[in-house]
Each structure stands twice: as C-alpha cells, then as structure tokens.
Amino acid sequence: MTKAGSNQNTYDVIVIGGGLVGMTTALALAISGIRSAVIDAADLDTTFAAGFDGRASAIASASWRMLDVLGLEAELAGKGCAINEIRVTDGLSPLHLHFDGSSTDGEPLGHMFENRHLRAALIARGRASDMIDIIAPARVQHIDRAEARVTVRLEGGQTLYAPLLVAADGRRSFVREQAGIRVANWRYAQTAIVGMIEHEIPHGNVALELFYPAGPFAILPMQPGTRSAIVWTVDEKDAAATLALPERAFVAEIDKRVGGLLGAITLAAKPSSYPLGFHHAERYTDHRLALVGDSAHGIHPIAGQGLNMGMRDAAAFAEVIAGAARLGLDPGGPDVLARYQRWRGFDNMAVAASTDILNRLFAIPARPVASIRRLGLAAVNKMPPLKRFFMAEARGASGDLPALLRGEQP
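Since we're looking at a predicted model, the values are computed, not measured.

Before going further, it helps to spend a moment on the overall build of the protein. When you go through the protein residue by residue, the secondary structure sums to 11 helices and 20 strands. The 410 residues of the protein split such that 51% are buried. In the protein, of all internal contacts separated by at least 6 residues, the share reaching a separation of at least 24 is 74%. A total accessible area of about 17400 Å² is found for the protein, and carbon and sulfur atoms account for 54% of it.

Set out below in structure tokens:
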C-alpha cells in the first residue's frame with residue numbers, strides 16, 4: 001500500500017469525518033499499514049473542550065478490546081468507568097434481568113467515557129501516527145469518484161487522491177446524499193435528555209436501565225463512584241418543560257424514577273437534549289465508496305449500541321481492506337466492498353430492528369402488557385443459555401467478529 005511520504009496528496013483511503021468512528025476507522029487501517037487522510041470541517045481541538053459535548057458513551061467490551069489494540073488504553077487511563085453489571089427493569093418492578101460480567105470471564109461488560117475524552121484520545125493517536133494525515137478544519141468543495149480513483153478537492157485548492165472514499169460524516173452525510181444512497185428513516189416522538197448527576201450512594205459499577213411508557217431511563221456509572229450519566233427519554237412535547245424545571249424540581253423527577261436507589265442527588269452538569277430518530281441506508285457501499293457509523297445507520301439509544309455499531313463497522317472495514325491489500329487487490333473494487341456490505345449490513349439491520357421493537361414494546365402502557373414484560377424479564381434472568389445470548393449482544397461479542405474486536409491484530 002501507499003507509504004507515508006511517498007506522495008503527500010495520494011492515499012490508500014480518504015475518510016470524510018473526523019469524529020469518533022471516522023478516527024477509529026483511520027487508526028484501524030493504520031495498524032495494517034494502510035495510509036489515510038481524515039478530513040473534517042471542524043477545528044478538532046474544540047471538539048474535546050469541556051463545553052462542546054456533555055454526552056457520555058458506553059463502550060462495549062469487544063469495542064474496548066479494539067481500542068486497546070489501537071493503543072488507546074494509556075490515553076484513556078483513569079478517564080473511564082467499568083460497567084461490571086447491568087440491571088434491566090420495567091419501571092421499579094422487583095422482577096428484573098441482571099447481567100454480571102463476573103459470572104463469565106470476569107471482563108467488564110463495558111466502559112463508560114465522556115465523549116470528549118474519547119475524542120481527545122483518538123485525535124492524539126491519529127496525530128501521532130505516520131499513516132494518518134488529519135486535515136482540519138477543511139471543507140470539501142468537490143468529490144469525483146472516477147473509474148479508477150477518487151479525487152477530493154478542498155476549499156483553498158488542495159486536492160487529494162485515493163482508490164477509496166469513506167463517509168464518516170454523520171446522520172446527515174452529504175457524501176451519502178451525493179452518492180444517491182437512499183435512507184429509511186423516521187422520527188420517534190421522543191427526546192433524550194442527557195446529563196451528569198452526583199449521588200449519595202455509590203453506583204458500584206452497576207448500570208441501570210429502567211423502562212417507562214415515555215421511554216427508558218438509563219443511569220450509567222462514571223468516575224468517581226458517586227457520579228453517573230443519565231439518558232432520560234421523554235415525550236418530545238414534554239422535553240422543553242422538563243429542561244426548564246428548576247434544579248430542585250429536576251432532581252426530584254430523577255429521584256422519583258430511580259426510587260431513591262442512589263440517595264440524595266445533585267446535578268453535576270447542566271442537562272441538554274437531542275431528538276431521537278431511526279435511519280438505515282439501503283446499502284453501505286457505492287462506486288469506490290463505503291459508509292461507516294452514523295452515515296450508514298442511526299438507532300434509538302435504548303441499549304447503548306449506536307457507537308458500538310460504528311466501531312464494529314470500523315473493525316470489519318479495516319479487516320476487509322487489509323485482506324485485499326495482502327492479496328494485491330484494488331481496495332475500492334466492487335468485490336472487496338461487497339464483502340464489507342455482506343459483513344455489516346445484516347448485523348446492523350438486526351440490531352437496529354431489535355432496538356426499535358424493544359422501544360415500542362416497553363412504550364405500551366396497558367397493565368396486562370406490563371405484567372407480561374416483567375414476567376418475561378424475570379424468565380430470561382432464570383434461563384442461563386438465553387441470558388448468555390443477551391449478555392453477548394450487550395458486550396458486542398456475538399456473531400462473526402473482526403480480529404480487532406477479539407483483541408487481535410487484523
């Protein structure tokens with residue numbers, strides 16, 4: 001593949017979008033000796049400032065193995081919090097589904113990080129790599145996907161060349177739209193309120209997912225042991241009024257939903273919100289183009305799988321391209337891209353459909369349905385094979401895993 005420095009404007013892959021999935025994709029390619037350029041319109045240093053994004057993300061154990069192989073463990077040391085257990089309930093019902101990482105191999109089920117820390121670590125590793133050129137802030141003026149190569153011209157005149165383009169530019173991907181790839185999408189009548197709370201009783205590295213008719217209420221352990229992130233799904237018509245509540249009333253609403261499990265609660269950060277929706281591209285590839293992350297799919301945050309789906313895209317894509325390189329194949333060739341499409345298309349669609357169905361199921365308020373849900377959770381909790389299946393899904397460890405997600409070099 002192209003060697004760093006051989007031609008400053010020619011790469012093996014050009015990645016449009018330097019967010020979490022875009023940078024992960026570039027690092028996953030770099031570890032196999034595949035040179036890339038990452039282009040982003042933002043000044044990336046501003047994206048990990050404390051006030052840029054108050055959200056946090058759950059990194060499933062398989063995704064964490066990949067980040068470790070990519071060298072991010074040192075960058076993220078002391079900034080994350082292990083999730084050792086997950087408890088799922090219908091409201092405050094005593095009937096529940098409980099996942100415990102110590103019951104299998106002792107590996108945490110996942111890790112929680114503030115998004116800004118993830119961005120900072122990924123960007124630092126990207127800047128340190130000889131196989132990655134980060135070009136930001138920079139705006140794309142024109143893309144030409146010709147027969148044999150892709151040409152990307154930036155505002156200001158710089159022109160880049162590669163046999164393959166990756167769209168990692170988010171839900172409203174202009175690269176996807178330019179390619180004419182259609183998207184199935186809809187809005188949920190829900191809004192997610194996110195924020196940080198401090199609480200009297202330590203969380204014990206336990207994540208809670210409490211389901212209410214308006215949507216799930218997730219409490220996710222953060223550092224230190226008395227801080228948690230919340231993802232509170234509310235009816236969209238109630239979102240503005242909920243955010244406008246005085247702090248005391250806002251905290252009282254949180255406490256009511258968690259049933260006093262955390263003791264006295266205070267806000268650790270000002271809450272914010274974002275609308276919830278679903279989208280899924282009809283295909284992940286086009287001529288000399290591949291979609292990864294939110295440019296290809298977006299789901300309800302009900303199970304915290306959105307970012308992990310994108311990381312699985314990055315791992316699978318890098319393995320496919322690395323395999324093609326070893327065989328001397330054109331990385332942008334249709335047969336190579338078809339393998340990526342087969343690998344990720346069905347898996348992502350299955351996860352997206354499952355989260356959509358789960359959200360709709362728990363939104364049914366009728367008492368008989370609630371009773372069935374609660375009995376169902378308790379039944380799964382007592383069926384080890386089924387419970388292991390759902391735990392593997394939560395950890396991102398099911399299906400045909402790329403080498404990086406197994407903690408191995410691709």
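Having put the structure on the table, let's press on.
Relative to each other, helix 1 (residues 20-30) and helix 8 (residues 306-326) sit at 25°, their axes nearing to 9 Å. Looking at the two axes, helix 1 sits roughly parallel to helix 8. For the pair helix 1 and helix 8, the crossing hand works out as right-handed. Residue-level inspection shows Leu20, Val21, Thr24, Thr25, Ala28 and Leu29 of helix 1 in contact with helix 8, the latter providing Leu307, Gly310, Met311, Ala314, Phe317, Ala318 and Ile321.

Looking along a regular strand, one sees the side chains alternate between the two faces of the sheet. When you tally the buried positions in strand 6 (residues 96-100), you get four out of five residues, the bulk of the element. Sheet analysis places strand 5 (residues 85-90) next to strand 6, joined by five bridges and oriented antiparallel. In the strand pairing of strand 6, Glu85 is matched with Asp100. Count of turn residues in the strand 5/strand 6 antiparallel hairpin: five residues, of which Gly91 carries a positive phi of about 65°.

Taken together, three strands build an open sheet; the order of strands is 3-7-4 and the sheet is antiparallel. The strands lining the two open edges of the sheet, one partner per strand, are strand 3 (56-60) and strand 4 (81-83). Ignoring which end each strand starts from, the neighbouring axes of this sheet average 30° apart. By the bridge criterion, five bridges tie strand 3 to strand 7 (residues 110-114) in an arrangement that is antiparallel. Bridge pairing links Ile59 to His111 in strand 7. Across the sheet, helix 4 (residues 115-128) is in contact with strand 3 and strand 7; its angle to strand 7 comes to roughly 90°.

Moving on, we come to empty space enclosed by the protein. The tally for this structure, following the rule as stated, stands at one cavity of 30 Å³ or more. As a volume, the largest cavity reaches approximately 30 Å³. Along its surface, the largest cavity is lined by Glu209, Pro216, Ala218, Val231, Thr233, Pro301 and Ile302. Counting residues per element, the ones that place at least two in the lining of the largest cavity are strand 15 (215-222) and strand 16 (227-235).

We now examine the nonpolar core. Judged by nonpolar contacts, the single largest core of 74 residues is most densely connected at Ile39, Val152 and Leu165. With 10 residues, helix 8 is the largest single contributor of residues to this core. Setting aside its immediate chain neighbours within four residues, Ile39 contacts Ile14, Val15, Ile16, Gly17, Gly18, Ile135, Ala138, Val140, Val152, Leu154 and Leu160.

The next subject is the packing of aromatic side chains. Taken as a whole, this structure holds six aromatic pairs when the rule is applied. Arranged with centres 4.2 Å apart and planes meeting at 5°, the rings of Trp186 and Phe278 form a pair that is stacked. Linking Trp186 in strand 13 (residues 183-199) with Phe278 in strand 17 (residues 265-281), this pair joins segments that are 92 residues apart in sequence. For Trp186, a relative accessible area of 34% puts it in the partly exposed group. Seen from their ring centres, Trp232 and Phe250 are 5.4 Å apart, and the 55° between their planes marks the pair as tilted. Taken together, the residues span a long stretch of sequence, with Trp232 in strand 16 and Phe250 in helix 7 (residues 247-258) at a distance of 18 residues. Like Phe250, Trp232 is buried.

A separate point is the pattern of salt bridges. Evaluated as defined, the whole model comprises 18 salt bridges. Two residues, Glu253 and Lys256, come together in a salt bridge whose shortest N-O distance is 3.4 Å. Of this pair, Glu253 and Lys256 both sit in helix 7, separated by three residues, roughly a single helical turn. The class of Glu253 is partly exposed, set by a relative accessible area of 24%.

Definitions and cut-offs
- Residues numbered from 1 in each chain as written.
- Predicted model: local features only at pLDDT ≥ 70, side-chain atom pairs only at ≥ 80, totals over all residues.
- Heavy atoms only, no water.
- Helix = DSSP H or I, 4+ residues; strand = E, 2+ residues; numbered from the N terminus.
- Buried < 20%, exposed > 50% of the residue type's maximum accessible area, 1.4 Å probe, protein only.
- Contact = heavy atoms within 4.5 Å.
- Areas by Shrake-Rupley, 256 points an atom, 1.4 Å probe, with all protein chains shown as cover.
- Axes fitted to C-alpha atoms, helices over the stretch in contact; angles between N-to-C directions.
- Parallel < 35°, antiparallel > 145°, perpendicular 65-115°, else oblique.
- Left-handed = near helix turned anticlockwise from the far one by under 90°.
- Pairing = 2+ DSSP bridges.
- 1 Å grid on protein atoms, 1.4 Å probe; cavity = no way out; pocket = protein on both sides within 12 Å on 5 of 7 lines; lining within 4 Å.
- Points joined across faces, edges and corners; volume = space filled by probe spheres on them.
- Core = buried A, V, L, I, M, F, W, Y, C linked by side-chain atoms within 4.5 Å.
- Phe/Tyr/Trp six-rings, centres within 6.5 Å; stacked < 30°, edge-to-face > 60°.
- Salt bridge = Lys/Arg side-chain N within 4 Å of Asp/Glu carboxyl O.

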